[in-house]
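Residue-level structure breakdown
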Amino acid sequence: MIGALLTFVLVTAVLTMLISGITRAIATANGNHTTATKARTGLLVALGTAILAGAGITWLNWLIALGDQFCTRSFRRPRSELTVCQRK
């Protein structure tokens, strides 16, 4: 589910960047600075979205690794006393 959502977000961000870049180029070439500014804003928002999506996955993976590190420590307890995360 997370992978599918990430793919959707990244594809949408890339398409938005592509459309905003083309719009900005055409608007700048025709002297329409208001539209060029709005296209630049769209480009920056799409870039920020892609960065946050990638950073979110990286942060989530770091938290999972941190939790695994904590749960896989050997506390020298009998098998019956291990917590759920230690019974792998």
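Small disclaimer: the values here were computed from a predicted structure and weren't measured.

Rules and cut-offs
- Residues numbered from 1 in each chain as written.
- Predicted model: local features only at pLDDT ≥ 70, side-chain atom pairs only at ≥ 80, totals over all residues.
- Heavy atoms only, no water.
- Helix = DSSP H or I, 4+ residues; strand = E, 2+ residues; numbered from the N terminus.
- Buried < 20%, exposed > 50% of the residue type's maximum accessible area, 1.4 Å probe, protein only.
- Contact = heavy atoms within 4.5 Å.
- Areas by Shrake-Rupley, 256 points an atom, 1.4 Å probe, with all protein chains shown as cover.

Once that is clear, we can look at the overall build of the chain. If you tally the helices and strands in the chain, you get two helices and zero strands. Residues counted as buried form 12% of the 88 residues belonging to the chain. Across the chain, every contact between residues at least 6 apart in sequence was considered, and the portion connecting residues at least 24 apart equals 41%. In the structure as shown, the chain presents an accessible area of about 6,900 Å², 70% of it carried by carbon and sulfur atoms.

With that settled, the discussion passes to the side chain of serine 20. Here serine 20 lies in helix α1 (residues 2-29). A relative accessible area of 10% places serine 20 in the buried class. Those residues in contact with serine 20 that sit more than four places away from it in its chain are Ala39, Gly42 and Leu43.

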